[in-house]
Amino acid sequence: MIRKSYLLSPGPTPVPEKVLAAASEPVLHHRTPEFSEVFLEVSEDLKYVFQTKNNVYILASSGTGAMEAAVVNTLSPGDKVITINGGKFGERWGNIGRAYSLNVHEIKLEWGEPFTGEQLSAELKKNPGVKAVFAVLSETSSGSVYDIKSYGEVTSKTSAILVVDAVSGMAAVPCPMDEWKIDVLVSCSQKAFMTPPGLAYISLGEKAWKMYETSKLPKFYFDLKKYKKNLEKATVPWTPAVSLIMQQKKSLKMIKSAGLENVHEHHRIMAEAVRAGVKALGLKLFSKCPGNVVTAIKVPEGIDGKKLVKVMQNKYGSYIAGGQDPYAGKLFRIAHLGYMGAFDMITALSALEMTLSELGYLLEPGISVAEAEKVIKENWK
Ligand code: PLP
């Protein structure tokens with residue numbers, strides 16, 4: 001049988017056809033005016049999405065590379081930092097920090113629990129001398145979105161920098177770097193940026209650049225001063241991922257012509273459609289602070305969660321994501337991220353219904369699709 005598959009995971013996400021086609025354009029040499037033009041355009045358009053006046057640097061790496069760059073460009077061995085760990089990616093900040101001999105004070109949250117600016121303020125008072133606070137905008141592992149704005153209000157009144165992983169959240173939910181007083185912001189290509197994996201983005205504000213000057217952690221490939229100097233000459237320090245940058249140019253144009261606010265609104269509608277659908281099935285959301293990036297759903301009592309994901313993927317070609325350790329088998333995640341539209345959500349819910357009923361869960365066929373359709377119809381423009 002020919003099986004059509006549907007990428008419904010929180011990254012990599014589907015890539016629009018014209019963005020795919022851009023990869024087949026002839027490879028430009030990177031020390032040419034032609035490449036410089038593309039590169040400058042992409043750098044400018046990234047500033048639009050990051051909502052910042054700062055430069056946004058393009059790295060040839062996945063998102064974790066930009067996370068590592070954030071650490072090594074600002075800190076020194078032994079520096080005290082706070083990491084907010086509400087899931088796999090908050091945990092990653094701590095792992096990177098420890099790998100670089102930072103003094104990591106990890107705030108370990110239950111997955112899906114919110115964490116407020118007031119709580120952060122109290123932690124900073126208890127821990128004087130903190131140099132940086134590491135947070136995650138959209139914790140992909142738990143389907144949560146945190147209140148980054150409130151963190152910026154707190155850290156901007158201290159000497160600590162606020163470093164935010166917006167790998168899955170950027171361009172899906174609001175995260176205006178300058179307005180929210182974020183000092184270092186990182187993201188990458190394969191989520192809401194609708195481009196294949198392989199590019200990471202990082203931007204540093206003035207406070208973070210000051211810390212660069214005293215930072216003693218080792219850096220070479222990810223030394224952002226090199227990127228800064230080269231950007232002034234419309235180029236890059238190393239051979240860039242030329243074709244990916246040409247692809248990113250196309251998808252950034254799509255985001256710009258739709259308008260960032262409308263792109264956020266699209267994510268809101270998709271997320272609400274999915275939430276309405278799963279609620280109609282009597283399922284429970286996992287997170288207490290769910291976001292519009294990916295919906296994490298608790299596996300209902302009596303259902304094998306790992307099997308649910310396998311049937312969705314292998315039988316129905318619907319590539320949703322399962323839970324990550326320690327929630328493997330306990331939750332599953334449907335993304336509404338990047339180039340995913342209303343009918344992708346309907347597909348996800350329909351495949352979910354068929355899978356659940358096959359696994360013995362009692363439901364009224366079509367009920368989640370009907371509820372999602374209502375949301376889509378009410379909000380469609
Ligand atoms: N941070 C978040 C919130 C993510 O969702 C991911 C990947 O899913 C990462 C960081 C790591 O990004 P990458 O796998 O591109 O290194």
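The structure displayed is predicted, hence computed values, not measured ones.

## Structural notes on the pattern of salt bridges
When the charged atoms of two side chains lie near each other, side chains of opposite charge can form a pair.
Here is step 1: Tallying each qualifying case throughout the model produces 16 salt bridges.
Here is step 2: The residue K131 makes a salt bridge to D79 at a minimum N-O spacing of 3.2 Å. One end of the pair, K131, is in the loop between α5 (117–126) and β5 (132–136); the other, D79, is in the loop between α3 (63–72) and β3 (80–85), and 52 residues separate them in sequence.
Here is step 3: Of the residues examined, D79 reaches a relative accessible area of 11% and is grouped as buried.
Here is step 4: For the salt bridge of E106 with R98, the shortest nitrogen-to-oxygen distance reads 3.8 Å.

## Topic: the site of the ligand
Here is step 1: Near the ligand lie 14 residues; those nearest to it are S62, T64, T140, D165 and K191.
Here is step 2: Here an oxygen atom of the ligand sits 2.6 Å away from a polar atom, N or O, in the side chain of S62.
Here is step 3: In this structure, an oxygen atom belonging to the ligand sits 2.8 Å away from a side-chain N or O atom of Q190.
Here is step 4: In the complex, the protein chains occlude 87% of the 390 Å² of accessible area that the ligand would expose alone.
Here is step 5: Among the secondary structure elements, those contributing two or more residues to the shell around the ligand are α3 and α4 (88–99).
Here is step 6: When residues of the shell around the ligand are assigned to their parent elements, the largest contribution, three residues, is made by α3.
Here is step 7: Looking at the shell around the ligand residue by residue, the class counts come to four nonpolar, seven polar and three charged.

## A look at the packing of aromatic side chains
Here is step 1: For the structure on display, the rule yields 11 aromatic pairs.
Here is step 2: For the pair W111 and Y327, a centre-to-centre distance of 4.9 Å together with 40 degrees between the ring planes defines the contact as tilted. Residue W111 is found in the loop between β4 (103–108) and α5, and its partner Y327 is found in the loop between β13 (321–322) and β14 (331–335); the two are separated by 216 residues along the sequence. Each member of the pair, W111 as well as Y327, is classed as buried.

## A closer look at the domain arrangement of the protein chain
Here is step 1: Taken domain by domain, the protein chain consists of domain 1 (6–12 + 259–379) and domain 2 (17–257).
Here is step 2: Here the C-alpha centroids of domain 1 and domain 2 sit 28 Å apart.
Here is step 3: At the junction of the two partners, domain 1 supplies 27 residues and domain 2 supplies 34 residues.
Here is step 4: For the pair domain 1 and domain 2, the summed buried area comes to about 2400 Å², and 63% of that belongs to carbon and sulfur atoms.
Here is step 5: Counting the surface domain 1 buries against domain 2, the share from its top three residues, L260, H264 and C289, is 23%.

Parameters at a glance
- Residues numbered from 1 in each chain as written.
- Predicted model: local features only at pLDDT ≥ 70, side-chain atom pairs only at ≥ 80, totals over all residues.
- Heavy atoms only, no water.
- Salt bridge = Lys/Arg side-chain N within 4 Å of Asp/Glu carboxyl O.
- Helix = DSSP H or I, 4+ residues; strand = E, 2+ residues; numbered from the N terminus.
- Buried < 20%, exposed > 50% of the residue type's maximum accessible area, 1.4 Å probe, protein only.
- Near = heavy atom within 4 Å.
- Polar contact = N/O pair within 3.5 Å; in protein donor to acceptor, adjacent residues only side chain to side chain.
- Areas by Shrake-Rupley, 256 points an atom, 1.4 Å probe, with all protein chains shown as cover.
- Nonpolar A, V, L, I, M, F, W, Y, C, P; charged D, E, K, R; others polar.
- Phe/Tyr/Trp six-rings, centres within 6.5 Å; stacked < 30°, edge-to-face > 60°.
- Domains from an automatic or database assignment.
- Contact = heavy atoms within 4.5 Å.
- Buried area = accessible area lost by both parts, 1.4 Å probe.

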